[in-house]
Amino acid sequence: MPSYVAFLRAINVGGRSVKMADLAKHVQALGPTDVQTFIASGNVMFHSRARSCSALAQALTEGLEPRLGFRSEAFVRSQAELQAVALRAGDLLAAHRVAFGPQGVVNVAFLPGPLSPAQVAALAGFRTELDEFTHHGPEVYWLCKCKQSDSTFSGALFERRLATRTTFRSASMLVRLAAQWEQSRAPGAADAAG
């Protein structure tokens, strides 16, 4: 059965507190199996017979809203897609840290689909001396040369100017998630529930 990961928006931020055990139960109630979570920021791994990431994302978004009591958009990727994103993000982070030291960070914005030409133009407007951006498919990679708190860029600004919803994850977390997920699929491996 295909493996997927859902990155949920606005989990355990802004006063919205969700226990990961409860989140896993909510997701399982919607049909996925072998549901596991990874750290407390709304990263959910599971199996599903579904073949469409976008259909899964919509089903999770709509199905979780009454269970959570608020809307949390889901951004779903297959395991192969996660591995590719984690590899790209990890490579960017390694190169970025060589250039800018340990304060340099890389974050990945997950989007519902690839950027439109208008969104690509809007993304270019975010570039500063401290912030660079690149995109690949339905992900945007934010390369920050300083502490994030020193940057004027924000997720809210990104959503407003690109007229879309998104959720950000750090490159280092994605690398850990991909490695743990791969390890959990090895024969005889223990579950990677977090």
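Higher on the page you've got the structure.
The structure displayed is predicted, hence computed values, not measured ones. (Residues numbered from 1 in each chain as written. Predicted model: local features only at pLDDT ≥ 70, side-chain atom pairs only at ≥ 80, totals over all residues. Heavy atoms only, no water.)

Describing the overall build of the chain
Point 1. Broken down by element type, the chain carries six helices and eight strands.
Point 2. Its helices and strands in sequence order give the chain the pattern β-α-β-β-α-β-α-β-α-β-β-α-β-α, from N to C terminus.
Point 3. The C-alpha radius of gyration of the chain comes to 17 Å, within 12% of the 16 Å expected for a compact globule of 194 residues.
Point 4. Counting only C-alpha atoms, the chain reaches 45 × 35 × 30 Å along its principal axes.
Point 5. Residues classed as buried in the chain amount to 46% of the 194 residues present. (Helix = DSSP H or I, 4+ residues; strand = E, 2+ residues; numbered from the N terminus. Rg over C-alpha atoms; globule rule 2.2 N^0.38 Å. Buried < 20%, exposed > 50% of the residue type's maximum accessible area, 1.4 Å probe, protein only.)

Some thoughts on the sheet that holds strand 8 (residues 167-170)
Strands belonging to one sheet form pairs held by backbone hydrogen bonds; the direction of such a pair is parallel or antiparallel.
Point 1. An order of 6-7-5-8 is seen for the four strands of this open sheet, with the pairing classed as antiparallel. Each having just a single partner strand, strand 6 (131-136) and strand 8 make up the two edges of the open sheet. Each strand axis lies, on average, 25° off the axis of its neighbour in the sheet, ignoring direction.
Point 2. In this sheet, strand 7 (residues 139-144) lies alongside strand 5 (residues 105-110) in antiparallel orientation, the contact comprising six bridges. Each bridged residue has a counterpart across the sheet, and for Val 105 the counterpart in strand 7 is Cys 144. (Pairing = 2+ DSSP bridges. Axes fitted to C-alpha atoms, helices over the stretch in contact; angles between N-to-C directions.)

Some points on the pattern of salt bridges
Point 1. Considering all chains together, one arrives at 10 salt bridges under this definition.
Point 2. The partner of Glu 65 in a salt bridge is Arg 71, and the shortest N-O contact between them spans 2.9 Å.
Point 3. By relative accessible area, Glu 65 is classed as partly exposed at 28%.
Point 4. Three or more residues joined by partner-sharing salt bridges are found here, namely Arg 9, Glu 62, Glu 65, Arg 71, Glu 73, Glu 159 and Arg 165. (Salt bridge = Lys/Arg side-chain N within 4 Å of Asp/Glu carboxyl O.)

Digging into unusual backbone geometry
Point 1. With phi around 65°, Ala 10 is a residue other than glycine that occupies positive phi space.
Point 2. Relative to the elements of secondary structure, Ala 10 occurs in the loop between strand 1 (3-8) and helix 1 (20-29).
Point 3. Overall, Ala 10 belongs to the buried group, its relative accessible area being 16%.

Examining helix 2 (residues 53-68)
Point 1. In a regular helix each residue adds 1.5 Å, so 16 residues correspond to 22 Å; helix 2 covers 21 Å between its end C-alpha atoms and thus fits that length.
Point 2. Along helix 2, the residues that are buried comprise Cys 53, Leu 56, Ala 57, Leu 60, Thr 61, Gly 63, Leu 64 and Leu 68.
Point 3. Buried residues belonging to helix 2 abut strand 1, helix 1, strand 3 (43-47), strand 4 (74-78) and helix 3 (79-100).
Point 4. Looking at the residues trailing helix 2, positive phi occurs at Gly 69, about 90°. (Expected span 1.5 Å × (residues − 1). Contact = heavy atoms within 4.5 Å.)

Some thoughts on the packing of helix 1 against helix 2
Point 1. Running from N to C, helix 1 and helix 2 point in directions that differ by 130°, and their axes come no closer than 10 Å. By the angle class used here, helix 1 and helix 2 are oblique. By crossing handedness, the relation of helix 1 to helix 2 is classed as right-handed. Touching Leu 23, His 26, Val 27 and Ala 29 of helix 1 are Leu 60, Leu 64, Arg 67 and Leu 68, all from helix 2.
Point 2. The class makeup of the residues in the contact of helix 1 with helix 2 is six nonpolar, one polar and one charged. (Parallel < 35°, antiparallel > 145°, perpendicular 65-115°, else oblique. Left-handed = near helix turned anticlockwise from the far one by under 90°. Nonpolar A, V, L, I, M, F, W, Y, C, P; charged D, E, K, R; others polar.)

Here we look at the sheet that holds strand 3
Point 1. Reading across from one edge, 2-3-1-4 is the order of the four strands in this open sheet, with antiparallel pairing throughout. With one partner strand each, in any of the chains shown, strand 2 (33-38) and strand 4 form the two edges of the open sheet. Ignoring which end each strand starts from, the neighbouring axes of this sheet average 25° apart.
Point 2. Here four bridges tie strand 2 to strand 3, and the two strands are oriented antiparallel to one another. Looking at strand 3, one finds that Gln 36 is bridged to Met 45.
Point 3. Strands in contact with helix 1 are strand 1, strand 2 and strand 3; relative to strand 2, the strand with the most contacts, it is inclined by about 150°.
Point 4. Most of the contacts of helix 2 go to strand 4, to which it runs at about 145°, and overall it touches strand 1, strand 3 and strand 4.

The quantities given are spatial measurements derived from coordinates; they are silent on function.
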